[in-house]
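Understanding the architecture of this molecule
As a plain string of letters, each chain reads:
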Amino acid sequence: MKSAEWRVEMQHLKKVRLLDRVDEPCLRLLQEVLEPYEIDRGELLLSPLEHNRYLYLLLEGELAVHLDTLDGNPVRAIGPGDCAGEISFMDDLPPSAFVVALKPSILLRVHRRSMQLLTRSPQLMQNLAELLCHRVRLSDRLIINSEQNANIDKLTGSFNRRWLEHIYVRESARCALSGQPLSLLMLDVDRFKDYNDRHGHLAGDHALCLVVNTLGKLLRPADSLVRYGGEEFVVLLPEMALEDARNVGERLRQSLEDIVSFQSPIGLLPGVTISIGVAPMRVNDDLDSLIDQADQALYQAKEQGRNRVCG
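A brief structural summary.

Scoring rules and cut-offs
Residues numbered from 1 in each chain as written. Predicted model: local features only at pLDDT ≥ 70, side-chain atom pairs only at ≥ 80, totals over all residues. Heavy atoms only, no water. Helix = DSSP H or I, 4+ residues; strand = E, 2+ residues; numbered from the N terminus. Rg over C-alpha atoms; globule rule 2.2 N^0.38 Å. Buried < 20%, exposed > 50% of the residue type's maximum accessible area, 1.4 Å probe, protein only. Contact = heavy atoms within 4.5 Å. Areas by Shrake-Rupley, 256 points an atom, 1.4 Å probe, with all protein chains shown as cover. Lys, Arg positive; Asp, Glu negative; His and termini not counted. Charge placed at Lys NZ, Arg CZ, Asp CG, Glu CD. Phe/Tyr/Trp six-rings, centres within 6.5 Å; stacked < 30°, edge-to-face > 60°. 1 Å grid on protein atoms, 1.4 Å probe; cavity = no way out; pocket = protein on both sides within 12 Å on 5 of 7 lines; lining within 4 Å. Points joined across faces, edges and corners; volume = space filled by probe spheres on them. Nonpolar A, V, L, I, M, F, W, Y, C, P; charged D, E, K, R; others polar. Expected span 1.5 Å × (residues − 1). Arc of directions from axis to C-beta. Axes fitted to C-alpha atoms, helices over the stretch in contact; angles between N-to-C directions. Parallel < 35°, antiparallel > 145°, perpendicular 65-115°, else oblique.

**Topic: the overall build of the chain**
Counting its secondary structure elements, the chain contains ten helices and 14 strands. Since a compact globule built from 311 residues should have a radius of gyration of about 19 Å, the 29 Å found for the chain marks it as more spread out than a globular shape. If one aligns the C-alpha atoms of the chain with their principal axes, the spans along those axes are about 85 × 50 × 30 Å. For the chain, the proportion of its 311 residues judged to be buried stands at 46%. Sequence-distant contacts, at least 24 apart, represent 72% of the contacts inside the chain between residues at least 6 apart. If you sum the accessible surface of the chain, you get close to 16500 Å²; carbon and sulfur atoms cover 50% of it. Put simply, the chain has 36 plus and 45 minus side-chain charges, and the middle of one group is 4 Å from the middle of the other.

**Re the packing of aromatic side chains**
Describing an aromatic ring pair means giving the distance of the ring centres and the angle of the ring planes. Tallied over the full model, the rule gives three aromatic pairs. Measuring from centroid to centroid gives 4.5 Å for F159 and W163, while their planes differ by 20 degrees, and the two rings are stacked. Judged by its relative accessible area of 26%, F159 is partly exposed. Seen from their ring centres, F192 and Y195 are 6.5 Å apart, and the 5 degrees between their planes marks the pair as stacked. Residue F192 and its partner Y195 are located together in helix α7 (residues 192-199), separated by three residues, close to a single helical turn.

**So, unusual backbone geometry**
One non-glycine residue, R306, lies in the positive phi region at around 70 degrees. Considering the arrangement of structural elements, one finds R306 in the loop between α10 (287-303) and β14 (309-310). Even without being glycine, N307 reaches a positive phi, approximately 55 degrees. As for its placement among the helices and strands, N307 is situated in the loop between α10 and β14.

**Here we look at empty space enclosed by the protein**
One pass over the structure, following the stated rule, counts one cavity of 30 Å³ or more. Roughly 40 Å³ of volume is contained in the largest cavity. If you trace the largest cavity, you find it lined by L18, L19, L30, L34, L55, L57, V110, L118 and L124. Classifying every residue of the lining of the largest cavity gives nine nonpolar, no polar and no charged.

**A word on helix α9 (residues 242-257)**
With 16 residues, α9 extends 22 Å from end C-alpha to end C-alpha; this agrees with the ideal 22 Å at 1.5 Å per step. Of the positions making up α9, those classed as buried are A245, V248, G249, L252, R253, S255 and L256. In a view along the axis of α9, the buried residues occupy a sector of 160 degrees, so they form one face of it. Buried residues along α9 sit in contact with β8 (182-189), α8 (201-216), β10 (232-238), β13 (274-280) and β14.

**Some remarks on the packing of α7 against α8**
Direction vectors running N to C along α7 and α8 enclose 130 degrees, while the axes themselves pass 7 Å from each other. On the basis of their axis angle, the class for α7 and α8 is oblique. Each of F192, Y195, N196 and H199 in α7 lies in contact with α8, whose residues at this interface are H201, A203, G204, A207 and L208. Here the contact of α7 with α8 is composed, by residue class, of five nonpolar, four polar and no charged.

Okay, here's the thing in structure tokens:
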């Protein structure tokens, strides 16, 4: 970042949302302490590894905010009129994110030593408070989205094993406390390796999505469809006894058997069938023991010819 060789004018200050409706006497004072800087594309402006004592106001260009590393996708962009570094500027701690220039940009910056000057304007402090509230709400949404995404299988949109471990603890305790049963289905796509070898791995991905989309329509809101790994899936069925779970498994199996072919983004593909093992939760069962029980039943279904329900 290099210092720009021009003087800050009132027209520059009026481009910044943080200074919206701030009285002119205060703007005149700020005009004297704000420093113009230019930053090149790809240059790092803020880092959690370095202390920051400046508030940056972006006049032209675009900045990107990265949370953990610069290698991943940015969580948001900062455009003209917005600011960067306001939180570390206020609390005098290292920034919580990386900020890098997406394109050549022009900024104004003010040092912490001018903090008292900013506090002279109630309107400026109100603008800053509103900005910080917006940042908190944005951070909350990012946390929620991150938590949700951490529980979702990216390919199929079903839950993943992390979610299964979490939901089993909750549902097994709830069912045990209320004296209700709980059952688990272990599903495996039949001869999936042969399907991939014959039609290609992309076709196999679409077949897995078909399984999730088809089965998901037949399950209750309280049920959890989980991609356990590869072509294996688990369905957690709270408040459902073994016989009812067998019936659900049969409906799921039949729903896929009925799909002889399906339309995908790469054209018409043949359908798939599934084998299912069913297991009821027993006293003192943990998730591993319940899955092991269902997996043994699934093995029987495969041994008996596949495309069937056992357990």
